[in-house]
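So you can see what is in the structure, the chains are spelled out below.
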Amino acid sequence: MKPQVLTIAGSDSGGGAGIQADLKTFQELGVFGTSVLTAITAQNTLGVHGIEAISTEMITRQIDAVADDFSITACKTGMLVDAERIEAVAKALERYRFEHVVVDPVMVAKGGASLLQVSAVEALRTKLLPQATIVTPNIPEAEVLAGMEIRTEADRMKAAQVIRAIGVDIVIIKGGHSNDVEAVDLIVTESEAFRVKAPRIQTKDTHGTGCTFSAALTAELAYGKTLRQAVVDAKRFIHQAIAHGLSIGQGHGPTNHWGHRLAKGEQITIDVMYETSTR
Ligand SMILES: Nc1ncnc2c1ncn2[C@@H]1O[C@H](COP(=O)(O)OP(=O)(O)OP(=O)(O)O)[C@@H](O)[C@H]1O
Ligand SMILES: Cc1ncc(COP(=O)(O)O)c(N)n1
């Protein structure tokens, strides 16, 4: 049976992030994508011009409709707006217990607009994270979740441990926002820690990189791949989507979700480096 996956996220009218990025990624990776909308944003590459949240009743009804009919093996969450909506999603996830639940703790859009109320961070930590199997913060999101500043690699490892202690098995702190010459993501589980590294591409067109990466990870996990293989394949997918950027829009342009097709035969090196200690 074809893997069936679900995204619970906001709509980006500009098509580069949110539900649109997730469904495009699912389609490219050959899994069947279903979607639950949490909010509609009026958005383009220059910024967010309006947000209208979907009612919690309607969010729950959408999740029930999908979960009652499809065999969802992997699910991801994106923009969740506020504590009320986080609680509705967490309750539904507790009911259905999908095998893989990837939480992308979206807080602020690339242009600076808030996509999650500050008062909702506690609900994210205490209600949603315990329902997640994987959480994928970028560095600023990891700082908020762990309640600490991340300046060094040791800080990143410490933050991952603090977030794991909240009750989520696997923490992936992405390195898109660091100043390193390479784009390095840190993965920490109970038994191991490793870094996945790819060359950093110099571009301003990175709208939706986090959504696309977590959607690719969700799809790869739905295929039954190991964590390491799923992360490496998702990293390759986002790298190719950034590398084959479309240069469209006047601000932070979207990535190219069919970049992997154009990249056939290109060599990119994705290094995996294991840490000797997870502490
Ligand atoms: N310029 C870049 N070159 C190569 N890889 C990148 C670049 N920027 C981000 N990445 C990779 O893209 C993935 C998403 O990371 P990032 O830290 O950008 O997430 P994010 O901030 O949540 O994204 P967004 O909020 O834009 O959706 C990670 O694997 C990261 O290493
Ligand atoms: C609906 C929605 N979900 C997520 C993002 C985050 O993406 P980015 O940080 O690249 O703006 C976004 N802008 N819009």
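What counts and how
Residues numbered from 1 in each chain as written. Chains lettered and ligands numbered in written order. Predicted model: local features only at pLDDT ≥ 70, side-chain atom pairs only at ≥ 80, totals over all residues. Heavy atoms only, no water. UniProt positions renumbered as here; feature names shortened; annotations may be inferred. Near = heavy atom within 4 Å. Polar contact = N/O pair within 3.5 Å; in protein donor to acceptor, adjacent residues only side chain to side chain. Areas by Shrake-Rupley, 256 points an atom, 1.4 Å probe, with all protein chains shown as cover. Nonpolar A, V, L, I, M, F, W, Y, C, P; charged D, E, K, R; others polar. Core = buried A, V, L, I, M, F, W, Y, C linked by side-chain atoms within 4.5 Å. Buried < 20%, exposed > 50% of the residue type's maximum accessible area, 1.4 Å probe, protein only. Helix = DSSP H or I, 4+ residues; strand = E, 2+ residues; numbered from the N terminus. Contact = heavy atoms within 4.5 Å.

- Within an unreviewed UniProt entry, the label attached to the protein reads Hydroxymethylpyrimidine/phosphomethylpyrimidine kinase, and the organism entered is Exiguobacterium marinum.
- Quoted verbatim from the Sequence similarities (unreviewed entry) field of UniProt, the annotation for the protein is "Belongs to the ThiD family."

A closer look at the site of ligand 2
Next, step 1: G10, Q43, K110, H207 and G208 are the nearest of the 15 residues found near ligand 2.
Next, step 2: In this structure, an oxygen atom belonging to ligand 2 sits 2.9 Å away from a main-chain N or O atom of K110.
Next, step 3: A distance of 2.7 Å separates an oxygen atom of ligand 2 from a polar backbone atom of G208.
Next, step 4: Here ligand 2 loses 92% of its free accessible area of 360 Å² to cover by the protein chains.
Next, step 5: Its residues assigned to classes, the shell around ligand 2 comprises 7 nonpolar, 7 polar and 1 charged.

Let's talk about the nonpolar core
Next, step 1: Ranked by size, the top nonpolar core spans 43 residues in total, and within it I8, L128 and I163 carry the most contacts.
Next, step 2: Per-element tally for this core: the top contributor is helix α3 (residues 83-96), with 5 residues.
Next, step 3: Other than its neighbours up to four places away in sequence, I8 contacts V36, T38, I63, C75, K76, T77, G78, L80, V89 and L93.

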